[in-house]
Amino acid sequence: MISSPSDSGRVADAPSDNWVYRALPRGAWPYAQLARWDRPIGWQLLMWPCFWSAALSANVAAAAGTFEWTRFLVHLFLFFLGSVAMRGAGCTYNDLVDHDIDQAVARTRSRPLPSGRVTRRQAKIFMALQALVGLVVLLQFNIFTIGLGVASLLIVAIYPFAKRFTDWPQFFLGMAFSWGALMGWAAEFGNLSIAAVALYIAAIAWTIGYDTIYAHQDKEDDALIGVRSTARLFGEKTRQWLIGLYGLAVLLIALAFFMAGVGIVAWLGLAAAAAMLAWQIRTLDIDDPVQCLALFKFNHIVGFSIFLALAVAIPFA
């Protein structure tokens, strides 16, 4: 008899050698899987717009003579912690909403809820605890940023249902995942600016692009059960759509950089990121699920390169 991933306590679409399985007791594994701790790419992609925005605003503050490294580093730590907590809470909520769908998709039926390794009540309690951590993190910021963070919950609540009523669920994911592009600026200045809004829209376009690549893994199952996605919508024209989406992202990040007056180091980082996005488009094979997952994960490097360039540019602002 061949054992399934759930029999071993693993899930089919996550690495089986992750630190979760080495460091945590077996009883904690299903909760780590609900929070996607065994798949860090999720919180990483949620975190990068926060870090971009914090570093972009830091460049502006440095030019104005109000920048403090301690405040900047504290903000980065809070955004990291908040990204892990809220990504985990969001994934747990998504799994609760998609319980029946996950049972029908080969890649997801070994997850904790459809495999029966946690109950819905246990998942709800765990979701609440993660959200509480996120709230504690949010309360460390100024009043404007707290209000902005609370406002994002409406989009977060809608997203899991989007695949049921629109071919653009990735747009709703983009709005939720990119919210940090507003938060970093707000944390520094207590307001928003054209630069922050341009960065937000850029991150939405980027998110739609990389999540379309990700969604091509499930397009056959999605078609059978009626789940909608930009992968199914774009189909064979995905490469052309990615040129537009990634191109828009680069142009709007450039606008944010121009409005903020960042130095040449930041522009070099953006050029490197643009080259990496172009490479994704050129090499993409939408019928190769393994490659689609690898290209999706590669966007962690894209996000890091933009942040690193902005951070290095701070002393020269």
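Each remark here, short or long, concerns the structure printed above.
Residues numbered from 1 in each chain as written. Predicted model: local features only at pLDDT ≥ 70, side-chain atom pairs only at ≥ 80, totals over all residues. Heavy atoms only, no water.

A. Expanded view of unusual backbone geometry. Here the phi dihedral of arginine 36 falls at roughly 60 degrees; this positive angle occurs in a residue that is not glycine. Structurally, arginine 36 is set in the loop between α2 (29-34) and α3 (41-64). (Helix = DSSP H or I, 4+ residues; strand = E, 2+ residues; numbered from the N terminus.)

B. Just a nonpolar patch on the surface, in detail. On the surface, a nonpolar cluster with roughly 740 Å² of combined accessible area is contributed by Ile194, Leu255, Phe258, Met259, Ile264, Trp267 and Leu268. Listing elements by their share of the nonpolar patch, those giving two or more residues are α14 (238-260) and α15 (264-283). The topology assignment puts leucine 255 in helix α14. With relative accessibility at 34%, the residue leucine 255 sits in the partly exposed group. (Patch = residues over 30% accessible without salt bridge, like charges linked within 9 Å, V, L, I, M, F, W, Y side chains within 5 Å. Areas by Shrake-Rupley, 256 points an atom, 1.4 Å probe, with all protein chains shown as cover. Salt bridge = Lys/Arg side-chain N within 4 Å of Asp/Glu carboxyl O. Buried < 20%, exposed > 50% of the residue type's maximum accessible area, 1.4 Å probe, protein only.)

C. Helix α9 (residues 169-177), seen in detail. Burial analysis of α9 places eight of its nine residues in the buried class, the great majority of the element. Among the residues making up α9, those that are buried are Pro169, Gln170, Phe172, Leu173, Gly174, Met175, Ala176 and Phe177.

D. Geometry of the pattern of salt bridges. Applying the stated criterion to the full structure yields nine salt bridges. Aspartate 95 is paired through a salt bridge with arginine 36; the nearest N and O atoms lie 2.8 Å apart. Of the two residues, aspartate 95 is situated in helix α4 (residues 69-97) and arginine 36 in the loop between α2 and α3; the sequence distance between them amounts to 59 residues. Taking the relative accessible area as the measure of exposure, aspartate 95 reaches 2% and is therefore buried. A network of salt bridges, in which partner residues are shared, links Arg36, Asp95 and Arg111.

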